[in-house]
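Below are the chains, spelled out letter by letter.
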Amino acid sequence: MLRPSGRERASGAVPAAREAGPYLTPAQAFDALYAYCAPALVRQAYLLTGRRDLAHESVERAFQRAWDHWPEVARDPDPAGWVRAAAHDWALSPWHRLRRRHRRPEPPPPEEDDRALLDALLSLAPPYRRTLVLYDGVGLDLPETAAETEASTRATAGRLMFAREVIAERLPELADPGELHDRLAELASTGRTRAAEPAAVRGGSERRARLWTRTAAAVTVVLIGSTAMTLHTAPTHYVPPVPPGETVRGVPPRVAPGPLSDEQRELRDRLRKALLNGPERLSPQAR
């Protein structure tokens, strides 16, 4: 099964919540929704990714996000659809290909028919794959599929027809939509589909929330400290800039001295002789 209740509509109140009565704590309501939807969502995410570990991670992250926004999810007309959209978005995120743990291939299904169907699914582009899983696997109608994939009804119909043609071309025995639905359910049920306990999911969400709160507080303290340091070291008055230097005009340029005259050379020679052979201090001569 790809839905909690097969191909029947899963919107509305969760059966476990209805049986428990109207007075539920948020944790009890969350646990009921998790027990109702998580196994089917793991199977859906496996069809979208072909990886069991990523499927479990996608469902856990989706429910952690639901617990972070629980007042919004609890008032949503279709809480199961809210979590399903979050799980599919995480599963099909293109950033997973950059993670080292997701670069290693996962062992394929043991049956050859299942391997062929999974290869055909993974050959589709993510929007086409998601449309096919929601319509032929989960059993949503066309407007619901279009709303969840954020596309128009006409575009969703085109994606669905193209995906069916690709599957039928590679596996002609699955040209019938009913047979395709049954085979998708069989493929999704292969291997382990056990989800984590709801208390562990809630605990992971709360730990992540505390971590983000502490990180935000640390960043705020750093910003306040840097702002205070800037205010302390910044100038408190206007300091005019030093104007650039200007060229002084009207001053004659310096020139090298010219050749000495005969009188100047005679005086120079006398001075040199007097300094060498005369007294240490020259006295002016009276004239």
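These remarks concern the structure in this document. Since the structure is predicted, the reported quantities are computational estimates derived from the model, not experimental observations.

Describing the overall build of the chain
Check the secondary structure of the chain and you find twelve helices and zero strands. Looking at the 287 residues of the chain, the share that counts as buried comes to 34%. A separation threshold of at least 6 residues defines the contact pool for the chain, and within that pool the share at least 24 residues apart is 73%. Approximately 19,100 Å² of the chain is accessible, and the part contributed by carbon and sulfur atoms is 57%.

Some details on the packing of aromatic side chains
Taken as a whole, this structure holds seven aromatic pairs when the rule is applied. Between Phe 30 and Trp 70, the aromatic rings sit 5.7 Å apart at their centres with planes inclined by 80°, giving edge-to-face as the arrangement. Of this pair, Phe 30 sits in helix H2 (residues 26–49) while Trp 70 sits in helix H4 (residues 70–75); the two residues are 40 residues apart in sequence, bridging distant segments of the chain. Classification of Phe 30 as buried rests on a relative accessible area of 0%. In this structure Trp 70 comes out as buried when scored by relative accessible area, which is 10%.

Observations regarding the pattern of salt bridges
Summed over all chains, the structure comprises seven salt bridges. Note that Arg 130 is salt-bridged to Asp 89, the shortest N-O span being 2.8 Å. Of this pair, Arg 130 sits in helix H7 (residues 126–138) while Asp 89 sits in helix H5 (residues 79–91), and the two are 41 residues apart along the sequence. With relative accessibility at 41%, the residue Asp 89 sits in the partly exposed group. Among the salt bridges present, the one from Glu 186 reaches Arg 183, with a minimum N-O distance of 4.0 Å. Here Glu 186 pairs with Arg 183, and both are found in helix H10 (residues 177–188), just three residues apart, close to one helical turn.

Digging into the nonpolar core
Grouped together as the largest cluster of nonpolar side chains are 49 residues, with contacts concentrated most on Leu 47, Phe 63, Val 83, Leu 117, Leu 132 and Ile 167. Of all the elements in the fold, those that place two or more residues in this core are H2, helix H3 (52–68), H4, H5, helix H6 (112–122), H7, helix H9 (153–170) and H10. Ranked by the residues each element gives to this core, the list is headed by H2, at twelve residues. Setting aside chain neighbours within four positions, we find Leu 47 in contact with Leu 2, Leu 121, Leu 122, Arg 129, Val 133, Leu 184, Leu 187 and Ala 188.

Notes on H9
The end-to-end C-alpha distance of H9 is 26 Å, a good match for the 26 Å that 18 residues give at a rise of 1.5 Å each. Contacts from the buried residues of H9 go to H6, H7, helix H8 (142–148) and H10.

How each quantity is defined
- Residues numbered from 1 in each chain as written.
- Predicted model: local features only at pLDDT ≥ 70, side-chain atom pairs only at ≥ 80, totals over all residues.
- Heavy atoms only, no water.
- Helix = DSSP H or I, 4+ residues; strand = E, 2+ residues; numbered from the N terminus.
- Buried < 20%, exposed > 50% of the residue type's maximum accessible area, 1.4 Å probe, protein only.
- Contact = heavy atoms within 4.5 Å.
- Areas by Shrake-Rupley, 256 points an atom, 1.4 Å probe, with all protein chains shown as cover.
- Phe/Tyr/Trp six-rings, centres within 6.5 Å; stacked < 30°, edge-to-face > 60°.
- Salt bridge = Lys/Arg side-chain N within 4 Å of Asp/Glu carboxyl O.
- Core = buried A, V, L, I, M, F, W, Y, C linked by side-chain atoms within 4.5 Å.
- Expected span 1.5 Å × (residues − 1).

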